[in-house]
Amino acid sequence: MSKKELFPPRPSTNPLVAEIKNLIAQSRQQVAVAVNSAITMLHWQIGKRINEEVLLHGRADYGKQIVQTLSAQLVMEYGKGWGEKHLRHCLRVAETIPNKEIIYAVSRELSWTHLRSIIYIDEPLKRTFYIEMCKLERWSTRVLQERINSMLYERTAISKKPELTIQNELELLKNNQQISPDFVFRDPYFLDFLGLKDTYSEKDLEDSILVELQKFIIELGSDFAFMARQKRISIDNEDYYLDLLFYHRRLKCLVAIDLKLGKFEAAHKGQMELYLRWLEKYDTIEGENPPIGLILCATKNQEHVELLQLENSNIKVAEYLTQLPDLKLIQQKLHQAIEIARNKTIAND
């Protein structure tokens, strides 16, 4: 073993060295952003130019022909990375985001690989949701694809709001980085990673969550921080125990989670309200928002939930799935839930 390996150099405490290192790191980051943006803008401009050529000739079959011809010539000169598939990605990004200013702004924060995952989402609001959440939480391309595959948008409360409300909330998120609870809380939560079988207790569920806490927080969302398990709440010499307590960084509030094995019941609301009022009185500090309650249950009746007007009490109710059925079935149910919720909003108006 060399002397250098035996006695590695100590980190320098010289302020000048620290400043220079910081300048180098900043410069590298700026170069990376500039290069990524240039690559994305190149692809967008190529797609835009091909689209213009296709429109000029006014024939759908010409589009296929020009992509094949261009691809053959570009592959010959620049390599197989410029195949037909890649050119179709270029076409798609130019079609999906036609505004040059918008694509430039997005390219400063998301990579070309990010965009390739997003541009094939057909619904504009859903597409914007993933763009803004990806920017806010700095998802890797792998995490982004996982979020899309797990139907994150359809599981958030915001997807069930009227389109104008979604647009306004997305604008607040885009311009002010202001996020509402409707972006944070989901229904259902996918807890298949816990490995629970058909029969288990509430303690088994809680123990499994703590064993897989990192995965549980990933499913909750990146801004959740674990605070306590079985949080003791003493009222009039009587002790109650809250299953899990988290803190949400962007919402600036405590989040109380109560785990229920069976169906959601009206009594669960009163229990959670008690926890929230206690937390607000004794655990909330100056500058924080009132705590939010999340009741996780195996099943729930939507009308039951609506009649209890849980939103007025800052309480969310969501189902959890410890074993995932066919994803197509989940997708169908989520789309039905969105449609029902939006139709009710229209009827109430």
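Residues numbered from 1 in each chain as written. Predicted model: local features only at pLDDT ≥ 70, side-chain atom pairs only at ≥ 80, totals over all residues. Heavy atoms only, no water.

(A) Expanded view of the pattern of salt bridges. Within this structure, the stated rule accounts for 23 salt bridges. A salt bridge links Lys 203 to Asp 207, with the shortest nitrogen-to-oxygen separation between them at 2.8 Å. Highlighted residues: Lys 203 and Asp 207, both in helix α12 (residues 202–211), separated by four residues, approximately one helical turn. Here Lys 203 falls in the exposed class, since its relative accessible area comes to 54%. Take Asp 207: its relative accessible area is 24%, and that puts it in the partly exposed class. Here Arg 250 makes a salt bridge to Asp 223, at a shortest N to O gap of 2.8 Å. Here Asp 223 lies in the loop between α13 (213–220) and β2 (224–235) and Arg 250 lies in the loop between β3 (238–248) and β4 (253–259), a separation of 27 residues in the sequence. Classification of Arg 250 as partly exposed rests on a relative accessible area of 28%. Assessed through its relative accessible area of 5%, Asp 223 is described here as buried. (Salt bridge = Lys/Arg side-chain N within 4 Å of Asp/Glu carboxyl O. Helix = DSSP H or I, 4+ residues; strand = E, 2+ residues; numbered from the N terminus. Buried < 20%, exposed > 50% of the residue type's maximum accessible area, 1.4 Å probe, protein only.)

(B) Seen up close, the sheet that holds β2. Taken in spatial order, the six strands of this open sheet run β1-β6-β5-β4-β3-β2, and their pairing is mixed. Edge positions in the sheet fall to β1 (189–190) and β2, since each has one partner strand and no second. In this structure, β1 lies alongside strand β6 (residues 315–321), joined through two bridges in parallel fashion. Note that in β6 the partner of Phe 190 across the bridge is Leu 321. Against the sheet, α12 makes contact with β2, β3, β4 and β6, and its axis sits at roughly 145 degrees relative to β2, the strand it touches most. Of the strands in this sheet, β1, β2, β3, β4 and β5 (292–297) touch α13, which is tilted by about 70 degrees from β3. (Pairing = 2+ DSSP bridges. Contact = heavy atoms within 4.5 Å. Axes fitted to C-alpha atoms, helices over the stretch in contact; angles between N-to-C directions.)

(C) Broad picture of the pairing of β3. Two strands pair when backbone bridges link them, and β2 and β3 are joined in this way by ten bridges, in the antiparallel orientation. Bridge pairing in β3 links Arg 232 to Tyr 241. Hairpin connection, β2 to β3: the antiparallel pair is bridged by two residues, and Asp 236 has positive phi, about 50 degrees. Where β3 lies against β4, five bridges are found, and the strand directions are antiparallel. Opposite Leu 245, over in β4, you have Ala 256 as the bridge partner.

(D) Structural detail: the packing of aromatic side chains. One pass over the full model with this rule turns up eight aromatic pairs. Geometrically, the ring pair formed by Phe 226 and Phe 246 is edge-to-face, given 5.5 Å between the ring centres and 70 degrees between the ring planes. Of this pair, Phe 226 sits in strand β2 while Phe 246 is found in strand β3, placing the two residues 20 residues apart along the sequence. When the ring of Trp 278 is compared with that of Tyr 282, the centres are 5.1 Å apart and the planes differ by 45 degrees; the resulting orientation is tilted. Placement of the pair is Trp 278 and Tyr 282 together in helix α14 (residues 266–282), with a separation of four residues, close to one helical turn. (Phe/Tyr/Trp six-rings, centres within 6.5 Å; stacked < 30°, edge-to-face > 60°.)

(E) Geometry of the pairing of β5. The buried count for β5 comes to six of six residues, which makes it a mostly enclosed element. The alternating pattern of β5 places Ile 292, Leu 294 and Leu 296 and Gly 293, Ile 295 and Cys 297 on opposite faces, both of which are buried. Taken together, β4, α14 and β5 form a β-α-β motif whose crossover is right-handed. Summarising the sheet, β5 and β6 pair through five bridges and their orientation is parallel. If you follow Leu 294 over to β6, its bridge partner there is Lys 316. On the question of chirality, the crossover connecting β5 to the parallel β6 by way of helix α15 (residues 302–307) is right-handed. (Right-handed = clockwise from strand over helix to strand, strands pointing away.)

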